[in-house]
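# What the coordinates show
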Amino acid sequence: MPRPAVSRSVAAARLAVTALLIAAPAAVPTAGTASADQGDGLRQITDAQGRALLLHGMNTAGSAKGPSGLPWIERRNVAAERQKLGSNVVRYIVQWKNVEPSPGRYDDRYLDEVAQRVAWYREQGINVVLDMHQDIYGPSACKGAGNGAPAWATITDGLPCTPQSPWVLTYLQPAVLRAYDNFWNTTGRHPELMRHYVAMWKHVAARFANDPAVLGYDLMNEPFGGTKQFGFFEAPVLTPFYQRIVTAIRQVDRNRWIFLEPQALGVNEGLGTSLGQIRDPRARAALTKLLGQRDRLAGTGLTRLTDPSSRLVLAAHFYPGGVDIGGGYTGMLKTLVQAEFVLWRQNMTDAARRLNTPLWIGEIGAMAFNQPGAADYTRDWLSMADDLRVGWAYWSNDPQADGSSETFAPLDRNGDLTEVGKVVARPFARAVAGTPTKTSYTSGTFTLTWRTRPGTSGPTEIWLPPTVYPGTPKVTASDHTRRWDPTNHVLSIWNTSATTTHTVTITPS
Ligand code: 9MR
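The shown structure was predicted, so the numbers you read here are calculated from the model rather than taken from an experiment.

## Considering the overall build of the protein
Broken down by element type, the protein carries twelve helices and 17 strands. The burial tally for the protein puts 57% of its 509 residues in the buried class. Relative to all contacts within the protein whose residues are 6 or more apart in sequence, the contacts with residues 24 or more apart total 73%. For the protein, the accessible area works out to roughly 19700 Å², and carbon and sulfur atoms hold 55% of it.

## Examining the packing of helix α6 (residues 191-208) against helix α7 (residues 234-250)
One can describe the packing of α6 onto α7 by two numbers: an axis separation of 9 Å at closest approach and a directional angle of 35°. Seen along the crossing, α6 lies across α7 with a hand that is right-handed. Packed against α6, whose contacting residues are M194, R195, Y197, V198, W201, K202 and A205, the element α7 presents F241, R244, I245, A248 and I249 at the interface. Residues of the contact of α6 with α7, tallied by class, amount to nine nonpolar, no polar and three charged.

## With respect to the sheet that holds strand β9 (residues 391-395)
Strands belonging to one sheet form pairs held by backbone hydrogen bonds; the direction of such a pair is parallel or antiparallel. The eight strands lie next to each other as β2-β3-β4-β5-β6-β7-β8-β9, forming a closed barrel whose pairing is parallel. Direction aside, neighbouring strands of the sheet carry axes that sit 25° apart on average. Across three bridges, the pairing between strand β5 (residues 214-218) and strand β6 (residues 257-260) is parallel. Bridge pairing links D218 to F259 in β6. The sheet strands contacting α7 are β5, β6 and β7 (312-318), and the helix crosses β6 at an angle near 165°.

## Observations concerning the confidence of the model for the protein
The pLDDT averaged across the protein works out to 88; a share of 86% of its residues lies at or above 70. Considering only residues more than four positions removed or in separate chains, one finds that residues 1-39, a stretch of pLDDT under 50, has 66 contacts. Low confidence marks residues 301-307, where pLDDT is under 50. Its contacts with residues over four positions away, or in another chain, come to 16 contacts.

## So, the state of the cysteines
Counted according to the given criterion, the structure contains one disulfide. Covalent S-S linkage joins C142 and C161, the inter-sulfur distance amounting to 2.2 Å. Measuring the twist about the S-S bond at about -110°, one finds the C142-C161 disulfide to be left-handed. You can see C142 sitting in the loop between β4 (127-132) and α5 (174-183) and its partner C161 sitting in the loop between β4 and α5, a full 19 residues away along the chain.

## Here we look at the pattern of salt bridges
The final tally for this structure, using the stated rule, is 24 salt bridges. One salt bridge in this structure joins R91 and E261, with 2.9 Å as the shortest N-O distance. Within this pair, whereas R91 is found in strand β3 (residues 89-94), its partner E261 is found in the loop between β6 and α8 (281-291), the two being separated by 170 residues in sequence. For the pair R91 and E261, one class covers both residues: buried. The salt bridge partner of R430 is E461, with a shortest N-O separation of 2.9 Å. Separated by 31 residues along the polypeptide, R430 in strand β10 (residues 428-432) and E461 in strand β13 (residues 460-463) bring together distant segments of the chain.

## Examining the site of the ligand
Around the ligand sit 13 residues in total, of which K65, H133, D135, D324 and E363 are the nearest. Contacts to the ligand include E222, whose side-chain N or O atom sits 2.8 Å from a nitrogen atom. A distance of 3.2 Å is found between an oxygen atom of the ligand and a side-chain nitrogen or oxygen belonging to W395. Protein chains bury 83% of the 450 Å² of accessible surface belonging to the ligand in isolation. For the ligand, the cavity whose grid points lie within 2 Å of the majority of its atoms is the largest pocket. Among the residues forming the shell around the ligand, the class breakdown is four nonpolar, three polar and six charged.

## Topic: helix α11 (residues 374-388)
Across its 15 residues, α11 extends 21 Å between first and last C-alpha, which sits within 8% of the 21 Å expected from 1.5 Å per residue. Taken as a whole, α11 has its buried residues at A374, Y377, T378, W381, L382, M384, A385, D386 and L388. Count one or two residues on from α11 and you reach R389, which has phi positive near 55°.

## As for the layout of surface pockets
Roughly 1000 Å³ of volume is contained in the largest pocket. As for the largest pocket, its lining consists of 48 residues, of which D135, W167, V168, D324 and I325 are closest to the centre.

## Brief notes about the side chain of R91
For R91, a relative accessible area of 0% translates into the label buried. Reaching out from R91, the side chain makes a polar contact with the side chain of D218 at a distance of 2.9 Å.

## Observations regarding unusual backbone geometry
Backbone torsion omega between T60 and A61 reads 0°, so that peptide bond is classified as cis. Its place among the elements puts A61 in the loop between β2 (56-60) and α2 (75-85). Across the junction of S165 and P166, the peptide omega takes the value -5°, indicating a cis bond. Inspection of the secondary structure assignment puts P166 in the loop between β4 and α5.

## Section: the packing of aromatic side chains
The full count for this structure, using the stated rule, is 26 aromatic pairs. Geometrically, the ring pair formed by Y92 and Y121 is edge-to-face, given 6.4 Å between the ring centres and 75° between the ring planes. Linking Y92 in strand β3 with Y121 in helix α4 (residues 108-123), this pair joins segments that are 29 residues apart in sequence. Taken together, a centroid distance of 5.0 Å and an interplanar angle of 65° make the contact between W184 and F233 edge-to-face.

## A word on the sheet that holds β10
Spatially, five strands are ordered β1-β10-β13-β16-β15 in an open sheet, and the strand pairing comes out antiparallel. Lying at the two open borders of the sheet, with one neighbouring strand each, are β1 (52-53) and β15 (480-485).

## Side note on the pairing of strand β8 (residues 359-365)
With seven of its seven residues buried, β8 lies for the most part within the structure. Pairing of β7 with β8, which is carried by five bridges, proceeds in the parallel orientation. Bridge pairing in β8 places A315 opposite W360. Handedness of the crossover is the feature at issue here: the chain leaves β7, passes through helix α10 (residues 331-355), returns alongside β8, and the resulting connection is right-handed. With four bridges connecting them, β8 and β9 associate as parallel partners.

Rules used throughout
- Residues numbered from 1 in each chain as written.
- Predicted model: local features only at pLDDT ≥ 70, side-chain atom pairs only at ≥ 80, totals over all residues.
- Heavy atoms only, no water.
- Helix = DSSP H or I, 4+ residues; strand = E, 2+ residues; numbered from the N terminus.
- Buried < 20%, exposed > 50% of the residue type's maximum accessible area, 1.4 Å probe, protein only.
- Contact = heavy atoms within 4.5 Å.
- Areas by Shrake-Rupley, 256 points an atom, 1.4 Å probe, with all protein chains shown as cover.
- Axes fitted to C-alpha atoms, helices over the stretch in contact; angles between N-to-C directions.
- Left-handed = near helix turned anticlockwise from the far one by under 90°.
- Nonpolar A, V, L, I, M, F, W, Y, C, P; charged D, E, K, R; others polar.
- Pairing = 2+ DSSP bridges.
- pLDDT = per-residue confidence, 0-100.
- Disulfide = S-S within 2.5 Å.
- Salt bridge = Lys/Arg side-chain N within 4 Å of Asp/Glu carboxyl O.
- Near = heavy atom within 4 Å.
- Polar contact = N/O pair within 3.5 Å; in protein donor to acceptor, adjacent residues only side chain to side chain.
- 1 Å grid on protein atoms, 1.4 Å probe; cavity = no way out; pocket = protein on both sides within 12 Å on 5 of 7 lines; lining within 4 Å.
- Sits in = over half its atoms within 2 Å of the grid points.
- Expected span 1.5 Å × (residues − 1).
- Points joined across faces, edges and corners; volume = space filled by probe spheres on them.
- Phe/Tyr/Trp six-rings, centres within 6.5 Å; stacked < 30°, edge-to-face > 60°.
- Right-handed = clockwise from strand over helix to strand, strands pointing away.

As structure tokens, this is what we get:
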């Protein structure tokens, strides 16, 4: 990929500041330091040792949309996910209605329940991204069809509503549109709703700021603009709203990564996003301290210099061709979906470069496994994610009730792999000691190439599914030492040469 053209002086200044920021000690190790090395790919989410974290895991779970706001999962299911799927992340669903059941009153017992489950992930070394989920605004917007917002924050002005099938069409019902228009204050009558949401996030962040399992916060699932969409919503409404939440969270938590979703409509299918630049106050503070030029930075174009220590992530979803509402992956539909692959890839990587953030696929999957071509589709998106070196959270791990047409779950209730699980359980580098430049997997052969980066320590760690690599794997790599952990199925690799580029190829024994 060509890198954007920058003038020589700006490039030099950027390099200098980058070097300084990398050399500066990380304030708190748990949530990781930020990578400044874009290499020939996108920025990466990094851990406390500066290693790139490729985050693979599950959305947990659709069942958390219900009255309790808690997912179906039990402690043993979390352990099974790590063992069978190698999960190193969970996008853990929480609900505004449960956090703030009445205006300004927070239910800390609910957050304690969440914290208890977060601890199960911590035991397994799985990073948690807390996702403030919503679909169709909230349960009170349309006769229980949606989830997310509490009843007191659902102002439909008495407009009618009939739940639709497929469910996404319910978004267009008059009451639902009005609930969003009141939330975004498009009506000019309810500025208090966004204020509540911002304060609610500050409360949640304060609760988890010191929890080492929590990697980040996903501010709002699949934002929907009501009667304002695309350029009328993302840049003028959603961007400043995110900025308010980021600023509020940074008052109580300087270190978690903050995951920002573009609007879902159209963008989930591959259209571009007009989400604007959001400043991470932690970055600005670091830069200002270094340069001592607080007042002189404004308007110089040097604001991009703040990026090396910012911890914002573009967290897009990928649902081409309505795969999540029953489409398959054969014939004409497959051709259409493949075109959306190309579009999504181009538009989301462009957006991540423009915003100078890592990219993460917060939701992907959701193709019922009884649909034709479902296994092919799954392999194709896994390969796209590998090729881009971006992580993902699969939708979803809800096990199926008998008779359900949704058969997405990679593990059943006993923790055994389902048909989709056998495809999703595939090797990946969960941490890379540098910048991953290539990763690929075909029929048992996994290849990873990375470039070393100053300020990185610790090994590169690759998880290998026990189903494909039952014994000690065969490893081909130039100068390195390695350790195979047969219990966790993790191969650790330490570079031993001074060369900057390393390649490892792994096949089953
Ligand atoms: O798969 C979910 C489906 O069963 C629900 O009816 C629907 C409405 O709550 O949500 C589906 O999950 C969606 C998720 O909440 C947001 N992104 C798209 C998911 C798949 O459609």
